[in-house]
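Topology and contacts: notes
Residues per chain, in single letters:
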Amino acid sequence: MINLIKKIIKKKIKIKYIKIYNTSHIHKKFQNNNSHFKIIIVSNYFKKINILKRHQIIYKILFSKFKKKIYGIEMFIYTKKEWKNKNNKTFISTKCIN
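This structure is a prediction, so every number in the text was calculated from the model and none was measured. (Residues numbered from 1 in each chain as written. Predicted model: local features only at pLDDT ≥ 70, side-chain atom pairs only at ≥ 80, totals over all residues. Heavy atoms only, no water.)

Our focus in this paragraph is the overall build of the protein. Within the protein, the secondary structure is distributed over three helices and three strands. The helix and strand sequence of the protein, counted from the amino end, reads α-β-β-α-β-α. Burial analysis of the protein (98 residues in total) assigns 41% to the buried set. The long-range share in the protein, meaning contacts at least 24 apart out of those at least 6 apart in sequence, stands at 58%. Element-wise, carbon and sulfur atoms account for 51% of the exposed surface of the protein, whose accessible area totals about 7000 Å². (Helix = DSSP H or I, 4+ residues; strand = E, 2+ residues; numbered from the N terminus. Buried < 20%, exposed > 50% of the residue type's maximum accessible area, 1.4 Å probe, protein only. Contact = heavy atoms within 4.5 Å. Areas by Shrake-Rupley, 256 points an atom, 1.4 Å probe, with all protein chains shown as cover.)

Okay, the sheet that holds strand S3 (residues 72-78) next. The pairing of strands in a sheet happens through backbone hydrogen bonds and is either parallel or antiparallel. One open sheet holds the three strands; their spatial order is S1-S2-S3, and the pairing between them is mixed. The open sheet terminates on both sides in strands that have one partner only, identified here as strand S1 (17-22) and S3. Sheet twist, expressed as the average angle between the axes of neighbouring strands with direction ignored, equals 10°. By the bridge criterion, six bridges tie S1 to strand S2 (residues 36-42) in an arrangement that is antiparallel. In the strand pairing of S2, Tyr-21 is matched with Lys-38. (Pairing = 2+ DSSP bridges. Axes fitted to C-alpha atoms, helices over the stretch in contact; angles between N-to-C directions.)

What follows deals with the packing of aromatic side chains. One pass over the full model with this rule turns up four aromatic pairs. Ring plane angle 20° and centroid distance 5.4 Å describe the contact between Tyr-17 and Trp-83, whose orientation is recorded as stacked. Remark: Trp-83 occurs in helix H3 (residues 80-85) and Tyr-17 occurs in strand S1; sequence separation between them is 66 residues. Under the relative-accessibility criterion, Tyr-17 is labelled partly exposed at 30%. (Phe/Tyr/Trp six-rings, centres within 6.5 Å; stacked < 30°, edge-to-face > 60°.)

So, in structure tokens, the structure goes:
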């Protein structure tokens, strides 16, 4: 599933870096599923695009293909410069209350 998600995003956007984690295991109701993901995307495609619009772009790409398969996504979307300023750090996933 992760490779398919990458392929679909890369088809639409020129990506500098992409990392996808399956975080379903931290959600009690979805532990044995491919339903929750953390996605880190770096692309200069997102220059001059605010964070809300960036998320909307990725949601539109993914949900046209995975509407009923993906339950939750955490997204960290950066330009190359923003990513460099973050020192290429990844982030800990949000804990689920379920």
